[in-house]
Amino acid sequence: MVSFIIKRVGHSIYIVILVSIVVFVLMRMLPGDPILDLIDQRIEDAIEAGIAMSLEEQDQLRADLMAEHDLDQPIPIQFGRWAMRMLRGDWGRSIGRGYDISTELGNRLAISMYLSAIAMVITLFFGVLFGTICAIRNGKFIDNLVTSVSNFGMTVPGFMIAIVLVYILGFRLQWFPIFRFWLPWQGNPGGSIRHTVLPILTMTLGGIAGLARMTRSTMLDALNADHVRTAWAKGMREKTVILRHVLKNGLMPIISGVGGMIRGLFGGSVIVETIFVIPGVGNMMVMAMLTLDYNVIQAVTVLFTFITVMANLVTDILYGWVDPRIQFS
Amino acid sequence: MSTKITNDPNNADNKGPGIGEPFGEQSFEVLTEAPLPPVNEFVRFMKVFCRRKVVVFGLFLVLIVLVAAIFPNQLAPHDPLTINLLRTLEPPSADFLLGTDDLGRCTLSRIIHGSGLAMQVGVATVLVSSVIGTVLGLIAGFGGKFLEELIMRFTDAWISIPGMILIMLMAVILGRGVFGLVLAVALGGFPGYIRLVYGQVMTVKQNDYIMASISMGDSKMRIMFKHILPNCISPMIVTMTMGLGGGVMAEAGLSFIGLGLAPPTPAWGGMTDAGRAHLATLPWLSLAPGMAIVILVFGFNMVGDGIRDALDPKMRGTNN
């Protein structure tokens, strides 16, 4: 068990390193110049201040800016410097906006994590609940209803769910505000919670549909197991049979799906945070993509990969701990 | 001897002699029982496939979009790119069935013209990622320890990057043409195929007939194409049809956040985003192209479900 965990941790570290190298190199292949906007902006600032820059001065500015972000170095050296700074806890600065990435990321990650955690709990609760009900009432009306709805729900892209919700709950019924977000401990907790409703619904509906389908099939397998038939034959009450004999076996495979869910939530945050103008990490990523902000793209990708890898690691270990049949090797 | 012998009891030629009938020439024919007619795999496939109404409905939806994608000019009432600033943001009318957008372009025509892109991206991404995935999976399975480690560890890393982030990165790198878009979405999805093919290679390799094949001196190539690939085809088709909807959704997501095809080319995701500004007053501008995405993805998924049921013996007889 211990050697398994050590091996898996090593594997995770190696994946994060590999991803950061791949993304670093890929980004340097991007067409376009991240400095260009910045230079234009500096020149305009200078003109507004009444100073006209000569061409030499512009070239000098360009060289300075390139050097400031190590862009004048060969790629391996750039990567080496970036990695050294990362290990010291310095995530660098945004090329376009100049803010310190680790501070900004800290503030934004709190928001993204807060929303993802709520979405996660709601998805798990309702997904498992609906899936279990369907499995117990297999073939009945409620099963057909939930299965049809979730079949349909899985085909609707996240942004479409968001738009329908905004239209119905935001514009027609005017129940919930349709954009902006802040954390409840940043003042006005009631307002914060009202602003949470639509993003959370967007983030959970698709996941609930998928999870309900998955739970339904694993629970059906568990319901047909021999020891469950024995339990029924002994005359145990339905509640006891389901809660004690079926639920645990039926839910074990779900644990392995949680890692994928976290990956999906962070990937989807890009779209949800754009629609609802939430100042989270996904929003930061879209901004960085549109302005080719190498440092920010690199930092966010590595961070998201790290979170995904950690989630997979924890679910793997948890799975082995819950299911004694799994042998660590 | 008659050559038309079947096992159909209703066929008069095939009836045995009744009680009391003399045994004549006919009875001889009955005794020479023909082997059962071979099961027509295609007919069986179609039977399972068409058993669920929702699957047939899905196929119907896909066909509608396909027709729109092939004949956009014949079906669209207006040109999708013509700007008419005198008739902007009109509600649905007899002239413009789904109204006009903020540049006076016909929404319905733009949706019809967008179907080609959605179809192309869906089909092309699946083809590209399955081909890349199959080749790399086979190399990993047959190319020796070093290549195996290299490819499979790379796959592990690739799969750990959140999907949408990866596709966005690739889309920015590969440029904003149809080709770049297809490649970006395909590169987001190909590790799944590598794992599938690699898994099949590892499973099939255990069989005795591979051992026999090796001991007879068959080349790796022959084993690959004769034994491994045929085993991959069934799970591959299922993954591919399931991937169609995913490809369409990924492309729509990209063009929704502004990283898809450059305007003015009509793309469903981009139209949904552009219509968002008028959601309170003219909801169809956003909802109609969004519904088109849902219809196509739903159709693809249902067809995928049907194919899975028809190909997988374990799934036969279930109703989900």
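Coordinates for the structure precede this section.
Described below are features of the structure shown in this document. Small disclaimer: the values here were computed from a predicted structure and weren't measured.

Definitions and cut-offs
- Residues numbered from 1 in each chain as written.
- Chains lettered and ligands numbered in written order.
- Predicted model: local features only at pLDDT ≥ 70, side-chain atom pairs only at ≥ 80, totals over all residues.
- Heavy atoms only, no water.
- Buried < 20%, exposed > 50% of the residue type's maximum accessible area, 1.4 Å probe, protein only.
- Helix = DSSP H or I, 4+ residues; strand = E, 2+ residues; numbered from the N terminus.
- Arc of directions from axis to C-beta.
- Contact = heavy atoms within 4.5 Å.
- Buried area = accessible area lost by both parts, 1.4 Å probe.
- Salt bridge = Lys/Arg side-chain N within 4 Å of Asp/Glu carboxyl O.
- Polar contact = N/O pair within 3.5 Å; in protein donor to acceptor, adjacent residues only side chain to side chain.
- Nonpolar A, V, L, I, M, F, W, Y, C, P; charged D, E, K, R; others polar.

Considering helix α2 (residues 41-51) of chain B
Residues and elements named next belong to chain B.
Then step 1. Buried within α2 are the following residues: Arg 44, Val 48 and Phe 49. For α2, the angular spread of the buried residues around the axis is 130 degrees, confining them to a single face. When the buried face of α2 is taken as reference, the exposed residues oriented beyond 90 degrees from it are Phe 42 and Lys 47.
Then step 2. The inward-facing, buried residues of α2 abut α3 (53-70) and α12 (284-311).

Some details on the environment of Gly 275 of chain B
Residues and elements named next belong to chain B.
Then step 1. In this structure, Gly 275 sits in helix α11 (residues 268-275).
Then step 2. Taking the relative accessible area as the measure of exposure, Gly 275 reaches 4% and is therefore buried.
Then step 3. Once the C-alpha coordinates of Gly 275 and Gly 290 are considered, the two residues, 15 residues apart in sequence, prove to be 9.9 Å apart.
Then step 4. Gly 275 has contacts with Leu 285 and Ser 286, leaving out every residue within four places of it along the chain.

Re the interface of chain A and chain B
Interface extent is often summarised as the accessible area lost during association of the parts.
Then step 1. Of the residues lining the interface, 45 residues belong to chain A; the matching set on chain B comes to 42 residues.
Then step 2. Of the roughly 3900 Å² buried at the junction of chain A and chain B (both faces included), carbon and sulfur atoms supply 79%.
Then step 3. Linking chain A to chain B there are zero salt bridges.
Then step 4. Between the two partners, chain A and chain B, sit four residue pairs in polar contact (both at pLDDT 80 or more).
Then step 5. Elements supplying a minimum of two residues to the side of chain A that touches chain B: α1 (2-28), α6 (141-153), α7 (158-172), α8 (189-223), α10 (238-275), α11 (281-291) and α12 (294-322) of chain A.
Then step 6. Sorting elements by how many residues they give to the side of chain A that touches chain B places α1 of chain A first, with nine residues.
Then step 7. When the residues that make up the side of chain A that touches chain B are grouped by side-chain class, the tally is 32 nonpolar, nine polar and four charged.

Looking at unusual backbone geometry
Residues and elements named next belong to chain A.
Then step 1. Although it is not a glycine, Val 277 adopts a positive phi angle of roughly 50 degrees.
Then step 2. Counting through the fold element by element, Val 277 comes out in the loop between α10 and α11.
Then step 3. Its identity is not glycine, yet Leu 292 carries a phi of approximately 55 degrees, on the positive side.
Then step 4. Within the secondary structure layout, Leu 292 lies in the loop between α11 and α12.

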